[in-house]
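Take a look at the letters that make up each chain.
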Amino acid sequence: MASDQQAAQITTAAEVEEQATSEHKKSFRDRGTLARQQERLGWILVVPVLVVIAIVAIYPLIETFRLSFTDTRLASIREPNYVGFANYRNTLDDPQFWSSMQNTAIFTVATVTLETLLGMIIALTIHSNFRGRGIVRTSMLVPWAIPTVVSSLLWEWMFHDRFGVINSILKQLNLMDESTFLAWAANPSTALGAVIAVDVWKTTPFMALLLLAGLQVIPTDVYEAAYVDGASKIQQFFHITLPLLKPALLVALIFRTLDAFRVFDMIFVLNGYALDTMSIAIYTQQQLIASQRIGEGSAPAVLIFLTIGTLAFIYTRLIKVEEG
Amino acid sequence: MKRFHPNPVNNLYRDAVNGRLSRREVMKRGTALGLSSALMGTMLRAESIGAQATPDASQPLGYTIPSADDLQAELELSTDFAGTEINWMGGADGPGVAYDEAVVARFNEITGMQVNYLMGAESATDRLTFYLQTMAAQSSDIDAAQIDVIWPGIMAPHAVDLSDVLQEGHFQRIVDNNTLNETVVGIPWFTDAGLLYSRTDLLEEYGFEGPPETWDQLEEYAMTIMEGEIADTPEFTGFVWQGAAYEGLTCNALEWQVSHDGGQIIDPDSGEVTVNNENAIAAFERAAGWVGGISPSAVTGYMEEDGRTVWQGGASAFMRNWPYAYALGQEEGSAIADNFTVGQLPSGTEGGESAATLGGWQMFVSTYSENQEAAKEWARYITSQPMQKSRAIERANLPTYGDLYSDPDVLAAQPYYEDLFPVFSEASVPRPSTVSADFYNDVSIAYFTAVSQILGGGDAASLVENLQADLEDIMSEL
């Protein structure tokens, strides 16, 4: 029904356009000049942005590619040499690279899945009408509004084995005593779960917000029609909400997947260079800065770029298929 | 607290931290500057911390700095550089700032020079990154800088040789650590070393005669005390140390290795990697056995302050830490004040060698400085014996002159220094930063990563074998 309406609108618009052109056939040549002028103005307005992008994004990218084939060191008087693909070979041979890749993959899949599911539930809840909706919607955003470093330090103390509130609560519930107190972030078996939990706590509101925006553009008459046709709430969700939400959902997934893949600050503050939670971005930073290996560290940086590029490509294809 | 250039907000922050301003004054000036209430809240909190940390409120800060005449009689500082301006960068630990400013003022008064004190980043790693970037740009903005004990190798290419202003009487190990190819990269300024903190009240209660002298004894004492205390204090633990994967673990593990006769990580003379040996492996395995036993299982995430809070709360029998924890433990309100002692870390066997990883700070002069001779004069002044004595009394920074550990004025202010002398004269072990030069960070990362895996239950023999190969790779790149 909605698409019919849309099609009707488009026809009308086209007709109007056609009329307009026929009416102003005389001034057609002038219009061409105007279009060209506008195009030129457009370019002039866009150029500063392109220059900025070239300086802050394209130049560093090319420079990183170049450095990844050298043995340049940070602030060193050693002459850099061209080393071919040696940095890539070393990186791919490094078990730490693979363990941090694995951590990052687990982290990304787990956080994005949980954040999408929880974000969806929250978005649906807030989308419905109830008293105090405004307050809930605002307070929901608090974790997202806290700077990452602050929330990481906050969680560091909550995870602490002696003074942490989590162990304390589990003790109140008689699930733990002092002898079994866990250092959630330091213990190898719980460390990755702990950082996932922090990220889910922090970023679910963002996911919910994006999905809520998607929900709000779905017209209500579609639901009314479905209601009249006798569709249950669950049928409505799977046959109306989800398909119509898909574009918003895909955009949200792109944001979150790419964000999760290059996670650095939260894990670094919480656990530093600990191997159990080392993400690929922390691995790269360790190579680049702590080890002063600008050349060797650029290789994993390029690999991250390629991986994220591939992920972004797959997602945009998915959206295109959706639109097509 | 990454401050560099003085500006009204930074000045206000500094004055607030130093406790020079009343709360009202902070509020008034803060409001005038249009600061947020959150920032002012931080300043006010910092103010009260600053006030607490001032050791003796009845004495003005800097009262022990010798007079200009006394200093001139001893040091004969040159006045040839009057009017010259030099910049030196140091740390910025709250109450220390005011003292350092008084030190600068006295030097300016004597020499007529204009020394500017630039406050570097609080984190040592951040400050090193800043130095490296400044040096890479061959900038003359910094004439002199405070450098960590592990940086001489990294900073050597940018250093002025300071051998002609190095005075007699420093601990030889610290001087050696600062010397590369006969160039003195830094002059020892104050020092640090790993120490064993023991609860004297508990040792007595459980019938032990004194602090443990061997690691076996430490394990036995810790277990006995822990089993006894746990009934009343369920969170009580035996021994806390620094087990997180960072530089601190390198310091701890080096102590285990050396005290178990495991030699050095890298031989300082030949540059040969010597970590893969039975004694070192046994030492790491012993430490892995502490995790979840006499030490909390969370110790593998502990840095200095994590362990110190447990210790100072009275919940641990022993602690490995740096000397700074002494003054804090004696503070008013500390659960363990007057009930603990410090001394050497245990040795592997009875009568064997004890080891304490060397820390501390040096003064460095940049080769890109346009006023090198003036900067060297400054370095000579601030690292001199009379100035280190003053610093020991007021800031509790450990001197690098052995004589000061028996100086009556110093001992009156810091009585525990007497026990520390043997640590610095005999037990201190430098990390292999001089021999590995600008690859030291790589060496340290490889070392603490391997040890961290062993503490987490990894197979020590194979991990140390891999570590040996990794370190050989790194050293071959030198």
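Cut-offs and rules
- Residues numbered from 1 in each chain as written.
- Chains lettered and ligands numbered in written order.
- Predicted model: local features only at pLDDT ≥ 70, side-chain atom pairs only at ≥ 80, totals over all residues.
- Helix = DSSP H or I, 4+ residues; strand = E, 2+ residues; numbered from the N terminus.
- Buried ≥ 20, exposed ≤ 12 C-beta atoms within 10 Å, placed from the backbone.
- Contact = placed C-beta atoms within 7 Å.
- Domains from an automatic or database assignment.
- Arc of directions from axis to C-beta.
- Pairing = 2+ DSSP bridges.
- Axes fitted to C-alpha atoms, helices over the stretch in contact; angles between N-to-C directions.

### Some thoughts on the overall build of chain A
Logical step 1: Within chain A, the secondary structure is distributed over 14 helices and zero strands.
Logical step 2: Helices (α) and strands (β) of chain A occur, in sequence order from the N terminus, as α-α-α-α-α-α-α-α-α-α-α-α-α-α.
Logical step 3: Counting all 324 residues of chain A, 28% fall into the buried class.
Logical step 4: Relative to all contacts within chain A whose residues are 6 or more apart in sequence, the contacts with residues 24 or more apart total 70%.

### Quick notes on the domain arrangement of chain B
Residue and element names in this part refer to chain B.
Logical step 1: According to the domain assignment, chain B contains domain 1 (8-53), domain 2 (68-190 + 361-429) and domain 3 (195-357 + 438-476).
Logical step 2: Residue-level contacts link 13 residues of domain 2 with 15 residues of domain 3.
Logical step 3: Secondary structure elements with two or more residues in the side of domain 2 that touches domain 3: α7 (152-155), α18 (417-427) and β12 (428-429).

### Some thoughts on helix α7 (residues 148-158) of chain A
All names here are of chain A.
Logical step 1: Along α7, the residues that are buried comprise Ser151, Ser152, Trp155 and Glu156. One side of α7 holds all its buried residues, which, seen down the axis, span an arc of 145 degrees. Opposite its buried face, α7 presents the exposed residues Val150 and Trp157, each directed more than 90 degrees away.
Logical step 2: Residues of α7 that are buried make contact with α6 (142-145), α9 (191-216) and α12 (265-271).

### Regarding the sheet that holds strand β7 (residues 195-199) of chain B
What holds strands together in a sheet is hydrogen bonding between their backbones, with the strands either parallel or antiparallel.
All names here are of chain B.
Logical step 1: Spatially, β8-β9-β7-β10 is the arrangement adopted by the four strands of the open sheet, whose pairing is mixed. Edge positions in the sheet fall to β8 (237-240) and β10 (340-343), since each of these pairs with one other strand and no more. Put simply, the sheet's adjacent strands are angled 15 degrees from each other on average, direction ignored.
Logical step 2: Two strands pair when backbone bridges link them, and β7 and strand β9 (residues 316-321) are joined in this way by four bridges, in the antiparallel orientation. Residue pairing across strands places Leu195 opposite Asn321, the latter belonging to β9.

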